[in-house]
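Summary of the model geometry
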Amino acid sequence: YCRVMPVEVERKFVCDSHILEKLKVIGAVCLGQYEFKDQYFDSADFTLTLKDFWLRKREGSWELKRPTSSHLNAEKRAQDVCTNYREITDLLQIRAELMAIMGIYAEHTSDSSQTEQAKDIHAEFDKWLQDLKLECFAEFTTVRCSYVLEDEGDDRRVRIDLDQADFGYCVGEIEVLVSEGFEMTTAVQRIEKTAQKLGLSSEQKTRGKMQVYLQKFRPDHYAELLKAHVV
Ligand code: V4E
């Protein structure tokens, strides 16, 4: 069966020195500050990231971000201020997605999947990634301050994160989690309304942590992504 997976719709922005005051004025409530380490994985020839698939381990938890069906066209995507990615955290589902994108047939792993329930699925998954020769290409720590907008009486709240990465880059994100489908448009409208309230006039896309990291530490990888219109 097919479960509805959450889609993260987000818009990044440059944090200026007045951001904290602005957040207060619009009634954003601080949820707290926390620190986390991210490791991103790909094959030596960038099979995943060239298709805009982002496999990450954050503080021991795996997550795969993949494009939604709504952004098929790279040129359209490049102009969009808001991005949207499907977030997959179920290990078996991540494995199925990786097998599909890397062109691996199910028969190869069907034996192990029979016994997986009984074994430590995390250890199994780590070993499986090693066998696939997926290696860590980016590793950094972020200090994040999270805020929510309490208004609008909706459970799909607008969240605002202020991120400070350990390689010297700060970026803000306005994001809404939705299930794929018609709610996407509402999410984009809500994000744009929040951006206006924060006085973020720029229509230009702001660089994310990964983009800056790759430009700085992995210029060859970055050049490949640029060629493929992924960044
Ligand atoms: C999707 C993606 C990457 C994975 C990390 O996504 P991001 O939301 O930027 O990171 P973070 O730390 O805020 O994750 P969260 O805590 O929200 O789950 S790395 C690069 N991409 C692609 C991408 C893109 N094409 N354009 C923009 C503006 N951002 C990211």
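Look up: the structure comes first, before these words.
The model shown is predicted, which means the values in this text are computed figures rather than measured ones.

Criteria and thresholds
- Counting from 1, residues in each chain are numbered in the order their sequence is written.
- Two thresholds apply to this predicted model, a pLDDT of at least 70 for residue-level local features and 80 or more for giving and counting side-chain atom pairs, whereas whole-chain, interface and lining totals are computed over all residues.
- The side-chain values count all of the structure's non-hydrogen atoms but skip hydrogen atoms and water molecules.
- Definition used in this section: a nonpolar core is a set of buried Ala, Val, Leu, Ile, Met, Phe, Trp, Tyr and Cys residues joined via side-chain atoms within 4.5 Å.
- Type-normalised accessible area, obtained with a 1.4 Å probe on protein chains alone, sets the label of each residue: buried when under 20%, exposed when over 50%, and partly exposed for intermediate values.
- Segments assigned H or I by DSSP are reported as helices when at least four residues long, segments assigned E as strands when at least two residues long, and all are numbered from the N terminus.
- Contacts are residue-level and defined by heavy atoms, with any inter-residue pair within 4.5 Å sufficient.
- The salt bridge criterion pairs a side-chain nitrogen of Lys or Arg with a carboxyl oxygen of Asp or Glu, the two atoms within 4 Å.
- Nearness is defined per residue: one heavy atom within 4 Å of the molecule or strand is enough.
- Counted as a polar contact is a pair of N or O atoms within 3.5 Å, where, for protein atoms, one must be capable of donating a hydrogen and the other of accepting one, and residues adjacent in sequence contribute only when both atoms are in side chains.
- Note on areas: Shrake-Rupley, 1.4 Å probe, and residue coverage restricted to the protein chains presented here.
- Any residue with an atom within 4 Å of a point lines the site, the site being either a cavity, points on a 1 Å grid over the protein atoms alone where a 1.4 Å probe fits but cannot get out, or a pocket, an open set with protein on both sides within 12 Å along at least 5 of 7 lines.
- Cavities and pockets are treated as containing a molecule whenever more than half of the molecule's atoms lie within 2 Å of their grid points.

1. So, the nonpolar core
Counting 23 residues, the largest nonpolar core has V9, L23, I160, L162, I174 and L198 as its most contacted members. Of all the elements in the fold, those that place two or more residues in this core are strand 1 (6-13), helix 1 (19-25), strand 6 (135-149), strand 7 (159-165), strand 8 (169-179) and helix 6 (183-197). The leading source of residues in this core is helix 6, at four residues. The residues touching I160, leaving out its near neighbours within four places in the chain, are F13, L23, I26, C145, S146, Y147, L149, E173, I174, T194 and L198. In terms of nonpolar packing, the next biggest core, distinct from the first, is built from 18 residues, F41, L48, L91 and L129 among them.

2. Structural notes on the pattern of salt bridges
One pass over the full model with this rule turns up 18 salt bridges. The salt bridge involving R159 is made with E175; its shortest N-O contact spans 4.0 Å. Within this pair, whereas R159 is found in strand 7, its partner E175 is found in strand 8, the two being separated by 16 residues in sequence. What makes R159 partly exposed here is its relative accessible area of 25%. Overall, the relative accessible area of 9% leaves E175 in the buried class. In this structure, the salt-bridge partner of K227 is E224, at a minimum N-O distance of 3.7 Å. In this pair, K227 and E224 are both assigned in helix 8 (residues 219-227), three residues apart and thus about one turn of the helix distant. Residue class for K227 comes out exposed when judged on its relative accessible area of 63%. Here the salt bridges share partners, and the residues they tie into one network are R144, R159, D161, D163, E175 and K209.

3. What about the site of the ligand?
Surrounding the ligand, one finds 20 residues, the nearest of these being K12, R58, K65, R144 and E173. Between the ligand and K12, the relevant distance is 2.8 Å, taken from an oxygen atom to a side-chain nitrogen or oxygen of the residue. Note that an oxygen atom of the ligand is positioned 2.4 Å from one of the side-chain N or O atoms of E173. Contact with the protein chains covers 92% of the free accessible surface of the ligand, which is 640 Å². Here the ligand is seated within the largest pocket. Those elements that provide at least two residues to the shell around the ligand are strand 1, strand 3 (54-58), strand 5 (83-88), strand 8 and helix 7 (209-217).

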